[in-house]
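The primary structure of each chain is shown beneath.
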Amino acid sequence: MSTRTFGQPVKRNEDRKLLTGQALFVDDVELPGMLHVAFLRSQVAHANIIGIDISRALQRPGVIAAYTADDLGDYWRHGPLLVPPPPIPGTIFNERTHVPLAKGKVRHVGEPLVIVIAESRYIAEDALDDIDVELEQLDAVVDLERALKAGSALVHDDVGSNVSARVRQTKGNYAAAAAKADRIIARRFHYEHGISSPIETRGVVAQWDQRASQMTIWDTTQAPVFVRNGLAAMLGLNERNVRVIAPFVGGGFGPKIMMFYPEEVLLPWVSMQLNRPVKWIEDRLEHFFATTHERGQIHDAEIALAADGRILGIKDVFLHDGGAYDPYGLTVPINSQCTLLGPYVVPNYDSTFTQVFTNLPIVTPYRGAGRQHGVFVMERLLDLAAHELDIDRAEIRRINLIPADAFPYNNEIIYQDFAPLSYDSGNYEPVLDMALNAIGYADFRQQQHEARAQGRHIGLGISCYVEGTGIGPYEGAKVQVQSNGKVSIATGIGTQGQGHFTVFAQIAAEQLGIDVTDIDVVTGDTDQFYWGAGTFASRGAVVAGNAVNEAAKVVRQKALKLASDLFECSEDDLVIADGKVSITGVPGKFVTLGDLAARANPMRGAVKPGTEPGLESTQYFGPPSGATANGVHAMIVEMDPRTFDLKILKYVVVHDCGTVINPMILTGQIHGGVAQGIGNAFFEKLAFDDQGQLLNASLADYLLPTSLDVPRMELDHTVTPSPLNPMGIKGAGEAGAIPVGPLFAQAIEDALDLKNKGVELLEIPLSPSRLFELTRKAKG
Amino acid sequence: MDSDIHDITLTVNGTTYNGRVESRLLLSDFLRHDLKLAGTHVGCEHGVCGACTVLLDGEPVRSCLMLAVQANTHAISTIEGLTSPGGDYHPLQQAMHDHHGLQCGYCTPGILMTMTAFLDENASPSEEEVREALSGNLCRCTGYQNIVDAVMTAAARMRS
Ligand code: FES
Ligand code: FES
């Protein structure tokens, strides 16, 4: 019997290539005759384009071509709307998608104006200096509130305002609930989220083979199938003549999926024009403008409470910075709107958001994807309520948790996947208790007292969250036993480090009784598999994982059937293990899976009608709606009250993401999420001036957490399987990052006793300098 | 065109290479694109992320902050030379695999070069020292904990 690997901390299949420098990333693609691309990008945020002169650039030795928007002819068009707005009555949505090269107007710093192609990247960049651009600069729209005032400059003149979208969702009757409330607490919250900043930037290589009429594109995308289909249509090619490969991708976290980045659209076209392969690799400066961000929201929120701390209702009106174009629809603010409700019973809810056009780079989901913003508002409201009603902060959370017998729990509003926001399963209170235990909540006041006596300022934070994961529409997978006995799996999603090469192998191994290392997984190559939506919303393991499971089950059935025919026995007498099918209790009577695969593809003779060749199956899985994971983070910090230097003394995560396929990989996902959450909560902020210039566009100025900033984390989990998929799994990719902001605010307030000093921390990030400002203001 | 071209000779992982380079060519580009040793990665090209770290005569340097011409006559070590000639992992590679010290793996070559050099200098580091030594290498995926554990494990295994 082979050892069971499902649910075990199996080491990763993909590691060897990565550890030895043999993994292929996009910038590693080298092709004969390859040319190199650089983009001239706008240095101002908002301007009319008067003229662009590329003639001098074209004369530079080594420059092959350069194109402006006008040179693209019919190929120039607006990008698609990647995610249409969900069907929420009354929704206003002004669709203004981005363009490959700016024409007429530039709308954010970094928007591309000219593409230059040269023999080397060095020459292409030299040639950018040869281009003359004449612009008429306009006022930049940066501040969200000013953007909506009469007389503001307009990002899109034809819209008539800077409203990209407005959506109201309600549940129950907030006004009636508020009228009966014992206490109403209202505040304004600011939440900034930053740039995902994977260590590998984006890149595209395109190779047009005229003889074969074949376009091959290597792309750092999270969604290769959609890139292929979209580009085939734009280029006038059959889908099967376009192959998109997302090879090893060095981190994504959301922004590596956007349909389409200008570079994705332009490189293949240029390759066809010049009949040469072309490469563009984003540099880090470009990444700060040319790759999408997440950014800020301003919430005016109020909570209505009963005297015992029960939530009667919440009202929230917020502004969301959407950037210069809105190709990703409403995904981010809808996530904020929905996730705000968290694990709590909120009988009445009234939430309205306005997505605002600004002259800043486009906003699309980045790990957490707006969920952070909502969770911050809810958790801070509960902290304020606990303080005002003099209830313990863990207790106020506990009494409001959705009880275990209330699932599935329908929140009566619409989620980003167009389905009602309904939580599939959960058991929240034990998670809270485990976290309180692990952080030592009961003894903490005592510990804090003792520390204070020694002049040390320590504080504790605790916050709860849910995460909608694993949304549809669907993914597919092909599982095939080869005649050498090894198994190959192909799926359409891209992978950026999540361990798919291993977890999908574990799933198939469970069905086929074969070693994980004998299973080869291909992701992100449209010649291998060309159905599916991509890697986002913590859905890879859930949706593609279940498709792998379904396909492997069919292959297992086929193997049993073939073996029962061969041995003329009942399938019930057969077992699959160690790469073979054996007859129970008859030692030596077996056939290997490889032999069965060979038999399933006979060279001569006849087969029965309806026989499918091979030990192979392709299956699809689409969940009816998303699966909701949940968790609690708790942390103890020590603050220096003069420098506001912060040290995390203890960090605890307890979470529930249903059935666990590989606890080692899951732990890694949580670690990485928390690290990004810490950067977000503590210091990551895209600092724009009022003209839309980014003031910290380098990794020396926009700081990412280092090994000195991220503490050791203690993890634990409970398992409440999802009823929405046969394996019972829920996604986990974003959980680590979501609740860190309110945790910081609460722990810092606690450490510095800010509540009693009249200081409330209602914003993120809370860098030492910002804390200094906030506390000094309070002192007057 | 400037006649700003230099002939250089250097060794990489013990093999001698001759190159003809413009003076402005970065060492990282020379290794990756001229010598096709693409295991050395580039994350920022301004000296912060550490992904491009290689060893120059045994010392970690950022190959994005050096010109190829400056490496003339020197000995470079890169990720491609870290396994034994038979393909066995260096103890730190093994420990990174065992502890799940990599996710996307893009930062990994730089981390391996930095930390193997560190372990050569300090055979029994404390966790504090490991975190300090690692702090010049950015990893956006792992949260560092598993990398720290891998370095500690590798140190212990190398001592015994
Ligand atoms: S690429 Fe050299 S330090 Fe980032
Ligand atoms: S593993 Fe992805 S950046 Fe480190």
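As the structure is a computational prediction, the values presented were derived from the model and not from experiment. (Residues numbered from 1 in each chain as written. Chains lettered and ligands numbered in written order. Predicted model: local features only at pLDDT ≥ 70, side-chain atom pairs only at ≥ 80, totals over all residues. Heavy atoms only, no water.)

Draft legend 1. Examining the interface of chain B and chain A more closely. With 51 residues of chain B in contact, the opposing surface of chain A contributes 54 residues. Taken together, both faces of the contact between chain B and chain A bury some 4500 Å²; the carbon and sulfur share is 54%. For chain B, the biggest contributors to the area lost against chain A are B:His100, B:Arg140 and B:Gln145; these three give 19% of the whole. Applying the counting criterion to the chain B and chain A interface returns seven salt bridges. For A:Lys11, the salt bridge goes to B:Asp98, with nearest N and O atoms at 3.0 Å. Between the two partners, chain B and chain A, sit 27 residue pairs in polar contact (both at pLDDT 80 or more). When the residues that make up the side of chain B that touches chain A are grouped by side-chain class, the tally is 21 nonpolar, 18 polar and 12 charged. (Contact = heavy atoms within 4.5 Å. Buried area = accessible area lost by both parts, 1.4 Å probe. Salt bridge = Lys/Arg side-chain N within 4 Å of Asp/Glu carboxyl O. Polar contact = N/O pair within 3.5 Å; in protein donor to acceptor, adjacent residues only side chain to side chain. Nonpolar A, V, L, I, M, F, W, Y, C, P; charged D, E, K, R; others polar.)

Draft legend 2. Structural context of the confidence of the model for chain B. For chain B, the average pLDDT comes to 96, and 98% of its residues sit at 70 or higher. If you check the scores for this complex, the pTM reads 0.96 and the ipTM reads 0.97. (pLDDT = per-residue confidence, 0-100.)

Draft legend 3. A look at the sheet that holds strand E19 (residues 457-469) of chain A. All names here are of chain A. Within the open sheet, the four strands sit side by side as E19-E27-E28-E29. Their pairing is mixed. Only two strands of the sheet have a single neighbouring strand rather than two, namely E19 and strand E29 (714-717). On average, each strand axis in the sheet is inclined to that of its neighbour by 15°, with strand direction left out of account. (Pairing = 2+ DSSP bridges. Helix = DSSP H or I, 4+ residues; strand = E, 2+ residues; numbered from the N terminus. Axes fitted to C-alpha atoms, helices over the stretch in contact; angles between N-to-C directions.)

Draft legend 4. Summary view of the pairing of strand E12 (residues 242-245) of chain A. Residues and elements named next belong to chain A. With four bridges joining them, strand E11 (residues 214-219) and E12 adopt parallel strand pairing. In the sheet register, Ile217 faces E12, and the bridge partner there is Val244. Once the chain exits E11 it traverses helix H6 (residues 224-235) before rejoining the sheet at E12, and the crossover so formed is right-handed. (Right-handed = clockwise from strand over helix to strand, strands pointing away.)

Draft legend 5. Region of the structure containing the packing of helix H2 (residues 91-98) of chain B against helix H3 (residues 108-121) of chain B. Residues and elements named next belong to chain B. Two elements in contact, H2 and H3, have axes whose closest approach is 10 Å; the angle formed by their N-to-C orientations is 130°. Overall, the two elements H2 and H3 adopt an arrangement that is oblique. As for the relative orientation of H2 and H3, their crossing is right-handed in sense. Facing H2, whose interface residues are Leu92, Gln93 and Met96, H3 presents Thr108, Ile111, Leu112, Met115 and Thr116. Partitioning the contact of H2 with H3 into residue classes produces five nonpolar, three polar and no charged. (Parallel < 35°, antiparallel > 145°, perpendicular 65-115°, else oblique. Left-handed = near helix turned anticlockwise from the far one by under 90°.)

Draft legend 6. Geometry of the domain arrangement of chain B. Residue and element names in this part refer to chain B. The domains assigned to chain B are domain 1 (5-81) and domain 2 (91-159). Placing a centre on the C-alpha atoms of domain 1 and another on those of domain 2 gives a separation of 22 Å. Counting each side, the surface lost to burial between domain 1 and domain 2 is near 1100 Å², with a carbon and sulfur contribution of 62%. On the surface where domain 1 and domain 2 come into contact, there are zero salt bridges. The interface formed by domain 1 and domain 2 contains five residue pairs in polar contact (both at pLDDT 80 or more). Counting only elements with at least two residues in the side of domain 1 that touches domain 2, the list comes to strand E3 (53-56) and strand E4 (59-62). In terms of residue count, the dominant contributor to the side of domain 1 that touches domain 2 is E3 (three residues). Looking at side-chain class alone, the side of domain 1 that touches domain 2 contains eight nonpolar, eight polar and one charged residues. (Domains from an automatic or database assignment.)

Draft legend 7. How the structure looks around the environment of B:Thr153. Residue and element names in this part refer to chain B. Checked against the element boundaries, Thr153 lands in helix H5 (residues 145-159). Given a relative accessible area of 18%, Thr153 falls into the buried group. In the structure, Thr153 is positioned 59 residues away from Gln94 in sequence and 9.5 Å away in space, judged by C-alpha atoms. Aside from chain neighbours lying at most four places away, what touches Thr153 is Ala95 and His99. (Buried < 20%, exposed > 50% of the residue type's maximum accessible area, 1.4 Å probe, protein only.)

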